[in-house]
Amino acid sequence: MASLDKIMDDFSFLDDWEDRYRYVIELGKELPDLADEKKTAKNKVQGCASQVWVVSHSDGGPDPILTFEGDSDAHIVRGLVAIVLATYSGKKASEIAALDAIEVFGKIGLVEHLSSQRANGLRSMVNRIREEARLLAA
């Protein structure tokens, strides 16, 4: 999976929205498949038009480092999941709670090109991850 720095760097070279759209789909193709047994109601993100699942893992420390797995049944959304996971995975819970991935999407010029349904789904993903991190960091 690509790092957030690499994704942001790659986006800086793509001027055309169609090229960015294709790149997001490619990121989704690179995302490892989520095992079927993890595609449960508990892991499903509510508020997404497409089906989206996010699974978190914690190292159990006092300010745990969290890693995430995710998947979607829609190609473009799967790419958005990949960017969200690159933004948050491997960080401490306190860092995740303080970091708004929507700002990252704004910096790379994606927010203004998402439909309102996809933007709402993206917010749902981000809010769920940040809320879980807030609870673990407390």
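Cut-offs and rules
Residues numbered from 1 in each chain as written. Predicted model: local features only at pLDDT ≥ 70, side-chain atom pairs only at ≥ 80, totals over all residues. Heavy atoms only, no water. UniProt positions renumbered as here; feature names shortened; annotations may be inferred. Axes fitted to C-alpha atoms, helices over the stretch in contact; angles between N-to-C directions. Helix = DSSP H or I, 4+ residues; strand = E, 2+ residues; numbered from the N terminus. Parallel < 35°, antiparallel > 145°, perpendicular 65-115°, else oblique. Left-handed = near helix turned anticlockwise from the far one by under 90°. Contact = heavy atoms within 4.5 Å.

Per an unreviewed UniProt entry, the chain carries the name Cysteine desulfuration protein SufE and comes from Agrobacterium cavarae. Regarding the chain, the relevant UniProt record gives this comment under Sequence similarities (unreviewed entry): "Belongs to the SufE family."

For the pair helix α1 (residues 4-12) and helix α2 (residues 17-30), interaxial distance at closest approach is 10 Å and the crossing angle is 155°. Taken together, the axes of α1 and α2 lie roughly antiparallel to each other. In this structure, α1 meets α2 at a crossing whose hand is right-handed. Where α1 abuts α2, its residues K6, I7, D10 and F11 lie against R20, Y23, V24 and L27.

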